[in-house]
Amino acid sequence: QVQLVESGGGLVQPGGSLTLSCEASGSVALINAMNWYRQAPGKERELVATIRTSDSSTNYANSVKGRFTISRNNAKNRLYLQMNSLKPDDTAVYYCHVNWAFSRIYWGQGTQVTVRS
């Protein structure tokens with residue numbers, strides 16, 4: 001099993017930056033990929049970014065490509081999401097998520113990001 005705890009959310013003005021962090025604990029060696037999802041009010045949860053354990057390759061949703069960067073510090077068991085040029089449409093609860101062995105998935109509790117003037 002894996003436990004995930006996000007931090008770093010908050011209120012930021014449009015055009016600003018914010019970095020989210022997710023600390024993983026437990027059987028982290030069996031994590032195949034780590035992801036950030038987000039869910040805005042009244043909308044479905046969407047995949048924002050992925051980083052794979054095997055080769056550290058990344059993928060991004062078109063809506064955040066060029067503005068967000070996902071990274072991972074394996075020594076600290078931490079996942080990050082650097083968010084730049086934030087827009088009001090980025091307002092959502094952001095969730096850390098992992099694809100683990102045996103097709104299991106785990107979610108963090110979420111952290112609120114609000115972008116407004």
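Residues numbered from 1 in each chain as written. Predicted model: local features only at pLDDT ≥ 70, side-chain atom pairs only at ≥ 80, totals over all residues. Heavy atoms only, no water.

Quick look at the side chain of N35 now. Among the secondary structure elements, N35 is positioned in strand 4 (residues 31-39). For N35, a relative accessible area of 3% gives the class buried. Of note is the side chain of N35, whose polar atom sits 2.8 Å from the side chain of N99. (Helix = DSSP H or I, 4+ residues; strand = E, 2+ residues; numbered from the N terminus. Buried < 20%, exposed > 50% of the residue type's maximum accessible area, 1.4 Å probe, protein only. Polar contact = N/O pair within 3.5 Å; in protein donor to acceptor, adjacent residues only side chain to side chain.)

Below, the discussion takes up the packing of aromatic side chains. Per the counting criterion, the structure on display carries four aromatic pairs. Ring geometry for W100 versus Y106: centroids 5.8 Å apart, planes at 85°, classification edge-to-face. The burial state of W100 is the same as that of Y106; both residues are buried. Ring pairing ties together the aromatic residues Y37, Y95 and W107, which thus form one cluster. One Lys or Arg, R45, reaches over the ring of Y95 and ends 3.8 Å from the middle of that ring. The positively charged end of R45 is found above the aromatic ring belonging to W107, 4.6 Å away from the centroid. (Phe/Tyr/Trp six-rings, centres within 6.5 Å; stacked < 30°, edge-to-face > 60°. Lys NZ or Arg CZ within 6 Å of the ring centre and 35° of its normal.)

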